[in-house]
Amino acid sequence: MNTKNVSGIFLIVRKSLAQHKLSTVVTVLSLALAAGLVMSVFSIRNETYDAFTGGPVGFDAVLGARGSQLQLVLNTVFHLETSPGNIPWEMYQAVKRNPNVVLAVPYAVGDNYRGFRIVGTDGQFFTDLEYRKGDKFKVLPGGRFFDPLKREAVVGSYAADKTGLKAGSKFNPFHGLVFDERTRHAEEYTVVGVLEPTNTPSDRVIWIPIEEFYRMSGHVLRGGGETYEPSAGEEIPDKHKEVSAVMLKLKNPQSGFLLDQTINRQGKAATLAWPIGRVMAELFGKIGWVNNILTLVAYLVVVVAAGSILASIYNTMNERRREFAILRALGAGRSTVFTAIVLESAAIAGIGTITGYLVYAAIMSTAAVIVRDQTGVALDVFRFQWVLVITPIVMILLGALAGVIPAVKAYSTDVATNLAPMS
Amino acid sequence: MKIILFAILTLVLSVSALHADQSQDVHDEEHHHEHHAPHGGTLVVLGEEFAHLELVLDPGAGSLAGYILDGEAENAVRIGQGDIEIKVKNTLPPGGESDKSGYALILEAVANVLTGETAGDTSEFAVQSDKLKGVQKFDAVISVINIKGQTFRNIGFRFPEGNE
């Protein structure tokens with residue numbers, strides 16, 4: 001096939017696409033949706049998996065009440081679930097003293113402000129914890145971290161944005177993790193700082209001193225077995241204190257194995273969720289079937305889109321018989337006509353796939369906003385994924401394949417019959 | 001015809017040999033499966049793999065910890081014993097006169113808030129002794145251990161090899 005032939009084929013394809021503008025546009029749009037959907041399904045799956053199993057959380061393990069490791073991680077790391085229960089303060093102190101533990105930060109939960117959970121912790125959370133390697137929490141200019149013995153609060157960036165809380169604001173917590181105006185606590189807290197955005201679930205949390213968490217009206221402590229209600233001005237004995245969980249930074253992976261053996265296998269009093277990535281990976285394993293269904297739907301959409309190319313080109317074949325007959329009469333070979341149709345089909349798929357990147361960007365941006373709103377986890381929407389390369393190639397090949405049937409029809413067009421006068 | 005018979009015979013013999021190999025593997029596995037010490041220590045088997053005592057030595061601190069484990073050396077088994085006596089001798093490096101005649105270490109029951117174990121209901125025992133500082137190897141005899149109604153006496157072993 002010489003250069004003249006090739007340019008001739010491209011001219012035929014271009015003219016045909018222009019001539020059947022409407023059907024071309026509709027088919028391109030359906031392919032764009034299909035390509036965008038396929039790329040998005042795979043990308044969201046990969047992104048969410050990576051963000052939830054390997055994203056920055058700042059600590060290696062979570063110690064909490066005996067029960068589900070997943071619930072413990074979801075509650076403490078992602079601030080999504082309810083707490084599985086409390087553990088006594090002496091357990092927090094014991095794990096803090098353990099030589100395998102570098103950092104142990106208490107975590108007490110049970111209240112919210114307009115749906116954003118309030119967590120009681122201590123100053124180490126801000127001063128010692130690296131939420132991402134090398135990054136510690138910082139407050140926006142004009143703010144500071146709370147005084148552990150005052151009714152003060154530090155607000156995560158997302159929570160501040162949605163609630164309007166800023167340094168100097170005062171608010172009253174609401175009991176429970178679900179916002180209900182009837183459960184308002186009497187104590188008033190002053191916001192002393194708003195955290196800089198971290199793109200982690202911590203952005204959705206309001207942090208208060210754990211000591212003040214204990215002293216909130218209606219809060220009773222059962223760390224020592226019996227019920228204890230703190231009184232104003234009276235020091236709370238350690239034996240009555242309790243925490244929902246302890247966030248742990250471990251010395252090394254071997255430390256995790258040893259603590260896992262001690263707490264989960266040897267012990268019956270608490271649960272150690274470790275490693276956090278593995279616990280979350282188990283969740284993805286359990287809901288993997290949802291991804292499989294979404295993937296199947298995406299594949300079906302691609303097949304339907306390929307079918308739409310076939311239908312749209314095939315439907316034009318009758319009206320184009322004369323055109324092919326003329327081309328053949330002017331010297332075009334059968335293979336030229338065949339190639340032109342296959343190329344036209346592939347071109348529609350190609351344009352559709354390129355447009356699909358816009359659909360992909362729109363879906364991913366929307367998904368990222370929803371995931372951020374619901375969990376505080378930031379997805380890296382425009383990170384390179386192999387599916388962004390593979391999908392266009394597969395779609396173009398599929399498009400070319402869809403063009404084979406109409407191409408065969410064009411190939412077999414009889415010149416003499418179709419050049420006969422039409423009336 | 002001869003070729004077909006030969007092929008069938010070869011096939012039958014191959015399948016039989018493969019099956020015999022697999023049976024042998026399973027057989028071997030049943031009798032020689034290895035246990036892994038969960039704390040990275042030395043396993044001392046008690047009875048016919050009724051239970052294990054895992055010993056973890058810290059020569060720097062001169063401490064010896066013992067963990068009672070089940071027959072698979074996987075799960076902790078709590079016992080009511082207040083202490084476990086282990087007689088030690090022939091230490092390496094040698095530890096002087098007391099080493100030749102041997103000496104007794106009393107591993108006390110450990111209460112641990114993280115596990116919920118208490119003295120008298122624990123799987124963890126420990127002792128600290130200056131005599132153990134720097135020690136790498138020794139001969140030992142566990143005087144007595146009561147586990148789930150069974151009593152094991154005078155269990156001898158070499159540390160860190162164990163007796164499995």
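Residues numbered from 1 in each chain as written. Chains lettered and ligands numbered in written order. Predicted model: local features only at pLDDT ≥ 70, side-chain atom pairs only at ≥ 80, totals over all residues.

## Quick look at the interface of chain B and chain A
Piece 1. The interface of chain B with chain A comprises 10 residues on the first partner and 14 residues on the second.
Piece 2. When its residues are assigned to classes, the side of chain B that touches chain A shows four nonpolar, five polar and one charged. (Contact = placed C-beta atoms within 7 Å. Nonpolar A, V, L, I, M, F, W, Y, C, P; charged D, E, K, R; others polar.)

## Quick look at the packing of helix 3 (residues 69-76) of chain A against helix 9 (residues 276-286) of chain A
Residues and elements named next belong to chain A.
Piece 1. One way to put it is that helix 3 packs onto helix 9 with a least axis distance of 9 Å and a crossing angle of 110 degrees. Taken together, the axis directions place helix 3 and helix 9 in an arrangement best described as roughly perpendicular. Contacts from Gln69, Leu70 and Val73 in helix 3 reach Ile276, Val279, Met280, Glu282 and Leu283 in helix 9.
Piece 2. Grouping the amino acids of the contact of helix 3 with helix 9 by side-chain chemistry returns six nonpolar, one polar and one charged. (Axes fitted to C-alpha atoms, helices over the stretch in contact; angles between N-to-C directions. Helix = DSSP H or I, 4+ residues; strand = E, 2+ residues; numbered from the N terminus. Parallel < 35°, antiparallel > 145°, perpendicular 65-115°, else oblique.)

## With respect to the nonpolar core
Residue and element names in this part refer to chain A.
Piece 1. Among the nonpolar cores identified, the biggest contains 75 residues, and Ala61, Val62, Leu63, Val246 and Leu248 are the most heavily contacted of them.
Piece 2. With seven residues, the single largest contributor to this core is strand 3 (residues 101-113).
Piece 3. With residues up to four places along the chain from it excluded, the contact list for Val246 reads Leu63, Tyr92, Val95, Ala104, Val105, Pro106 and Tyr107.
Piece 4. By size, the runner-up hydrophobic cluster in this structure holds 41 residues, among which are Ile9, Ala35, Ala349 and Ala400. (Core = buried A, V, L, I, M, F, W, Y, C linked by C-beta atoms within 7 Å. Buried ≥ 20, exposed ≤ 12 C-beta atoms within 10 Å, placed from the backbone.)

## Some details on the environment of A:Gly352
All names here are of chain A.
Piece 1. Relative to the helices and strands, Gly352 is located in helix 12 (residues 334-375).
Piece 2. Measuring from C-alpha to C-alpha, the distance between Gly352 and Ser30 comes to 7.4 Å, with 322 residues separating the pair along the chain.
Piece 3. Those residues in contact with Gly352, other than ones at most four positions away along the chain, are Thr27, Val28, Leu31, Ala32, Ala35 and Met395.

## Observations regarding the confidence of the model for chain B
All names here are of chain B.
Piece 1. Scored by pLDDT, chain B comes out at a mean of 83, with 76% of its residues at no less than 70.
Piece 2. Confidence drops under pLDDT 50 across residues 11-20; counting only partners more than four residues distant or on other chains, this segment forms zero contacts.
Piece 3. Ignoring residues within four places in sequence, the model shows residues 22-31, a span with pLDDT below 50, making zero contacts including any to other chains.
Piece 4. Here the predicted complex carries an ipTM of 0.71, next to a pTM of 0.78. (pLDDT = per-residue confidence, 0-100.)

## A closer look at the pairing of strand 8 (residues 150-159) of chain B
Piece 1. Across nine bridges, the pairing between strand 7 (residues 137-147) of chain B and strand 8 of chain B is antiparallel. For B:Val144, the partnering residue across the bridge sits in strand 8 of chain B and is B:Arg153. (Pairing = 2+ DSSP bridges.)

## Details of the environment of A:Asn264
Residues and elements named next belong to chain A.
Piece 1. On the secondary structure map, Asn264 appears in helix 8 (residues 253-266).
Piece 2. Overall, the presence of 17 C-beta atoms within 10 Å leaves Asn264 in the partly exposed class.
Piece 3. As a C-alpha pair, Asn264 and Gly67 span 197 residues in sequence and 10.0 Å in three-dimensional space.
Piece 4. Setting aside anything within four residues of it in sequence, one finds Asn264 in contact with Thr271 and Leu272.

## Quick notes on the pairing of strand 3 (residues 63-70) of chain B
All names here are of chain B.
Piece 1. The pairing of strand 2 (residues 51-58) with strand 3 spans eight bridges and is classified as antiparallel. In the strand pairing of strand 3, Val56 is matched with Ala65.
Piece 2. Here strand 2 folds back onto strand 3 in antiparallel fashion, the turn holding four residues, of which Gly62 has a positive phi close to 70 degrees.

## Focus: unusual backbone geometry
Piece 1. Residues B:Leu92 and B:Pro93 are joined by a peptide bond in cis, for which omega reads -5 degrees.
Piece 2. Tracing the backbone through its elements, the reader meets B:Pro93 in the loop between strand 4 (83-92) and helix 2 (97-101).
Piece 3. A cis geometry characterises the amide bond from B:Phe159 onward to B:Pro160, with omega recorded as 10 degrees.
Piece 4. In this fold, B:Pro160 is placed in the segment after strand 8.
Piece 5. Phi at A:Arg114 takes a positive value of approximately 50 degrees, unusual for a residue other than glycine.
Piece 6. Mapped onto the elements, A:Arg114 comes out in the loop between strand 3 and strand 4 (116-121).
Piece 7. The class of A:Arg114 is partly exposed, set by 15 C-beta atoms lying within 10 Å.
Piece 8. At B:Asn154, a position not held by glycine, the phi torsion is positive, near 50 degrees.
Piece 9. Among the structural elements, B:Asn154 can be located in strand 8.
Piece 10. B:Asn154 gets classed as exposed once you count the C-beta atoms within 10 Å, which come to 9.

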